[in-house]
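What follows is each chain in one-letter form.
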Amino acid sequence: LHYLPTMIRSLDQEKEARAKDLKAHQVVADKLESLEAHHARAERLEDGEDAATNLAYLKHCVLTYVQTTDGATHKRLLPVLAQILHLTTAEVQTAMRAIDAATPPPPGSRWMGALSSLVAAGGGGGSGGGGRGGAGADTSSGAGPGNTNGAANG
């Protein structure tokens, strides 16, 4: 009977090893199930009616994205495009930084007010309020002629 404690320890160790193996097996089985579901979804998206619907939706989103200069619209569409195109988190963050860099500050912000003051003080604002509408080269506000300083308008 002196070997009984050794056998019990051995059985406990084997039980623990089997429990670890069972957990590892369950993790692999869960991953496999997830991958199978993802693969089935991908096949549905690529084939049949879903493919046509997704392509039409992607087309609409991309056209809307490229046809607007509104940063808020770009920010709203980026998650949609990221989902459809399976962008990584890093790719989404890079795109969001590019949108932020290309989006002018909203009218009335401190930066825009300072820029308007500089443009007006730089000679060309005339008397009155020269800072409105002509502060940026590509910020079309529909002001028409008069956005450039001293340029001849036909």
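Scope of this entry: the structure provided in the associated data block. What you are looking at is a predicted structure, and each value in this text was computed from that prediction instead of being measured.

About the thresholds
- Residues numbered from 1 in each chain as written.
- Predicted model: local features only at pLDDT ≥ 70, side-chain atom pairs only at ≥ 80, totals over all residues.
- Heavy atoms only, no water.
- Axes fitted to C-alpha atoms, helices over the stretch in contact; angles between N-to-C directions.
- Helix = DSSP H or I, 4+ residues; strand = E, 2+ residues; numbered from the N terminus.
- Parallel < 35°, antiparallel > 145°, perpendicular 65-115°, else oblique.
- Contact = heavy atoms within 4.5 Å.
- Nonpolar A, V, L, I, M, F, W, Y, C, P; charged D, E, K, R; others polar.
- Patch = residues over 30% accessible without salt bridge, like charges linked within 9 Å, V, L, I, M, F, W, Y side chains within 5 Å.
- Areas by Shrake-Rupley, 256 points an atom, 1.4 Å probe, with all protein chains shown as cover.
- Salt bridge = Lys/Arg side-chain N within 4 Å of Asp/Glu carboxyl O.
- Expected span 1.5 Å × (residues − 1).
- Bend = angle between axes of the 7 residues up to and from the residue.
- Buried < 20%, exposed > 50% of the residue type's maximum accessible area, 1.4 Å probe, protein only.

Quick notes on the packing of helix α3 (residues 71-85) against helix α4 (residues 89-102)
- Two elements in contact, α3 and α4, have axes separated by 10 Å at closest approach and are oriented at 170°. Taken as axis vectors, α3 and α4 run roughly antiparallel relative to one another. In this structure, α3 contributes Gly71, His74, Lys75, Leu78 and Ala82 to the contact, and α4 contributes Val92, Ala95, Met96, Ile99 and Asp100.
- Residues that form the contact of α3 with α4 fall into these classes: six nonpolar, two polar and two charged.

Some thoughts on a nonpolar patch on the surface
- Together, Leu1, Leu4 and Ile8 line one region of the surface with nonpolar side chains, adding up to about 330 Å² of accessible area.
- For Ile8, the position within the fold is in helix α1 (residues 4-46).

What about α3?
- End to end, α3 covers 20 Å across 15 residues, agreeing with the expected 21 Å (1.5 Å per residue, within 8%).
- Along α3, the sharpest kink reaches roughly 30°, centred on Leu77 and followed within four residues by the proline Pro79.
- Buried residues of α3: Gly71, Thr73, His74, Leu77, Leu78, Leu81 and Ala82, and no others.
- With its phi angle positive at about 55°, His86 sits one or two positions after the end of α3.

As for the pattern of salt bridges
- For the coordinates displayed, the defined rule picks out two salt bridges.
- For Arg18, the salt bridge goes to Glu14, with nearest N and O atoms at 3.1 Å. Taken as a pair, Arg18 and Glu14 lie in helix α1 at a separation of four residues, close to a single helical turn.
- Notably, a salt bridge pairs Lys75 with Asp100, separated by 2.7 Å at the nearest N-O pair. Residue Lys75 is found in helix α3, and its partner Asp100 is found in helix α4; the two are separated by 25 residues along the sequence.
- Here Asp100 falls in the partly exposed class, since its relative accessible area comes to 40%.

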